[in-house]
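These are the residues of each chain, in order.
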Amino acid sequence: MNKMSLQKSIQNFGIKQALKYMEKDPEENIPKLMDMVDKFAPDGWYEAQRNMIRKVIQERGNWYQLILRIYQLNPEVRKAFFQNFIFNASLKGSALQEQLAEENNCNIPWAILLDPTSACNLHCTGCWAAEYGHQLNLDLDTIDSIVRQGKELGTYMYIYTGGEPLVRKKDLIKICEMHPDCEFLSFTNGTLIDEEFCQEMLRVKNFVPAISLEGFETANDGRRGEGVFDKVQHAMSLLKSHGLPFGISTCYTRKNLDDVTSEKFFDMLVESGALFVWFFHYMPVGNDAAVELLPTPEQREEIFHRIRKFRQTKAIFSMDFQNDAQFVGGCIAGGRRYLHINAKGDVEPCVFIHYSNANIHDCSLLDALKSPLFQAYHDNQPFNDNMLRPCPMLENPDKLGEMVKESKAVNTDYQSPETPEHLKEKAAPYAENWTPTAEKLWNKEKEKIAAGKAGVEQ
């Protein structure tokens with residue numbers, strides 16, 4: 001064993017021992033955690049994050065309460081999560097990703113999003129997935145191949161989108177069994193989660209639902225259909241009673257933002273047992289997209305402030321992917337942190353960018369990452385120095401059209417193919433209206449960063 005391998009083995013052993021140590025008496029040992037991690041972690045490894053965790057533990061605030069909530073989960077499920085998410089995906093995996101990205105001069109993703117199926121038991125207003133149609137599937141062997149190739153690149157995090165992934169419950173559980181060293185998360189409408197599936201989740205230990213919820217009953221069911229809110233409440237109750245981890249996925253629009261950014265909504269999620277909530281800005285994807293759902297600049301600014309406020313006060317991890325780009329250095333698509341594979345096998349840079357020039361049935365995952373469109377992402381990220389304008393479609397609509405044209409990528413919307421020019425038409429007015437507000441907010445954020453306060457106050 002060479003010196004580097006020996007060092008990694010010692011570090012790996014140390015992190016595992018730290019996790020075992022915490023299992024014995026969390027309340028007593030959590031405050032001692034970072035001292036143990038510091039002894040074994042590589043130089044500079046997630047240093048800012050470790051300092052933040054140390055601060056959270058010392059202050060025993062809302063994030064400390066979140067850590068304690070994690071210790072209310074089923075012990076075996078929690079151990080698998082720590083092993084797969086913290087150790088495999090974030091420590092071992094990230095190191096290999098960085099190495100291979102440099103060797104191949106391309107992006108290597110931390111997570112792979114894939115659509116097991118385009119079928120769905122609902123038909124929600126403004127759903128980008130509906131643009132693919134409802135007859136497509138990735139077979140079990142293909143999903144297995146994607147995961148095997150991903151692990152060779154250091155990717156241990158897999159996220160199912162759709163369609164409704166749980167239409168294929170048995171295959172998803174089978175993949176969990178085939179790859180117990182990976183963590184699988186699934187966006188789901190929650191209506192198919194029942195007692196039997198909870199028992200399967202307990203058995204495999206490495207499956208986490210992210211349930212779509214667009215607000216309270218009126219707002220949610222207005223988009224997803226009558227009775228869906230109650231079914232989601234039932235699913236969350238089942239998951240909580242079994243000690244299973246889950247989170248919430250929320251798309252905010254001009255119509256539902258008052259619901260989903262209210263203190264009442266956050267309190268409901270914490271009480272329900274959700275550990276995280278991911279916020280997604282509505283994207284005008286598809287020829288028939290409802291552009292009237294796009295938030296106004298004033299609304300987006302309000303969302304920006306509200307989510308940051310509750311991040312400091314509520315015991316739930318929240319992330320707003322459009323407004324939190326500063327924490328990940330801009331756009332994370334194109335394989336920089338993730339990519340998307342649709343149910344036909346097209347490898348797309350983003351779930352919202354339906355263009356591709358690679359199909360997983362015809363090439364390897366690494367070849368797809370080296371394809372012209374993905375290289376265009378690699379060479380042009382970040383698309384804007386203003387981290388509140390990260391997206392090449394929504395806030396920088398000229399960028400996407402240029403990359404599609406130069407890479408000769410084709411549209412992957414099989415129902416009604418959309419040209420990049422048409423997409424730009426819809427995004428350009430939004431981008432123009434948002435820019436002055438984005439500049440004002442980002443200048444304030446830069447002042448905080450310069451003062452060394454941004455990481456503390458977010």
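The rules behind each value
Residues numbered from 1 in each chain as written. Predicted model: local features only at pLDDT ≥ 70, side-chain atom pairs only at ≥ 80, totals over all residues. Heavy atoms only, no water. Axes fitted to C-alpha atoms, helices over the stretch in contact; angles between N-to-C directions. Helix = DSSP H or I, 4+ residues; strand = E, 2+ residues; numbered from the N terminus. Parallel < 35°, antiparallel > 145°, perpendicular 65-115°, else oblique. Contact = heavy atoms within 4.5 Å. Nonpolar A, V, L, I, M, F, W, Y, C, P; charged D, E, K, R; others polar. Bend = angle between axes of the 7 residues up to and from the residue. Core = buried A, V, L, I, M, F, W, Y, C linked by side-chain atoms within 4.5 Å. Buried < 20%, exposed > 50% of the residue type's maximum accessible area, 1.4 Å probe, protein only. Salt bridge = Lys/Arg side-chain N within 4 Å of Asp/Glu carboxyl O.

- By the naming in an unreviewed UniProt entry, the protein is Pyrroloquinoline quinone biosynthesis protein PqqE, taken from Roseburia faecis.

1. A look at the packing of helix H10 (residues 217-224) against helix H11 (residues 228-241)
How two helices pack is summed up by the angle between their axes together with the distance between the axes.
Then step 1. Two numbers describe how H10 lies on H11: the axes approach to 8 Å, and their chain directions differ by 110 degrees. Relative to H11, H10 is oriented roughly perpendicular. Here H10 contributes Glu217, Asn220, Asp221 and Arg224 to the contact with H11, which in turn contributes Val228, Phe229 and Asp230.
Then step 2. A class-by-class count of the residues in the contact of H10 with H11 yields two nonpolar, one polar and four charged.

2. As for the environment of Asp141
Then step 1. Along the chain, Asp141 turns up in helix H7 (residues 140-152).
Then step 2. For the pair Asp141 and Ile175, spaced 34 residues apart in the sequence, the C-alpha separation amounts to 9.5 Å.

3. Details of unusual backbone geometry
Then step 1. Of note, the bond from Gly162 into Gly163 is cis; its omega dihedral lies within 30 degrees of zero at 10 degrees.
Then step 2. The topology assignment puts Gly163 in the loop between strand E2 (157-160) and helix H8 (169-178).
Then step 3. Cis geometry is adopted by the peptide bond preceding Pro382, which originates at Gln381 and carries an omega value of -5 degrees.
Then step 4. Here Pro382 is to be found in the loop between helix H16 (372-380) and helix H17 (397-407).
Then step 5. In this structure, Lys205 takes a positive phi of about 75 degrees despite not being glycine.
Then step 6. Note that Lys205 resides in the loop between helix H9 (195-204) and strand E4 (207-212).

4. Section: helix H6 (residues 75-104)
Then step 1. In H6, a bend of some 45 degrees at Gly93 exceeds every other bend along the element.
Then step 2. Of the residues flanking the end of H6, it is Asn105, one or two places downstream, whose phi is positive at about 50 degrees.

5. Quick notes on the nonpolar core
Then step 1. Membership of the largest hydrophobic core comes to 65 residues, with the highest contact counts inside it found for Leu114, Phe184, Phe207, Ile211, Ile248, Leu269 and Ile341.
Then step 2. Residue contributions to this core peak at seven residues, all from H11.
Then step 3. Leave out the neighbours within four places in its chain, and Phe207 touches Tyr160, Leu166, Leu172, Cys176, Glu183, Phe184, Ser186, Phe197 and Met201.

6. Details of the pattern of salt bridges
Then step 1. By the definition in use, this model includes 20 salt bridges.
Then step 2. One salt bridge connects Glu76 with Lys79, and the closest N-O pair in it is separated by 3.6 Å. You can see Glu76 and its partner Lys79 sitting in helix H6, three residues apart, about one turn around the helix.
Then step 3. The residue Arg203 makes a salt bridge to Glu200 at a minimum N-O spacing of 3.0 Å. Of this pair, Arg203 and Glu200 both sit in helix H9, three residues apart, which is roughly one turn of that helix.

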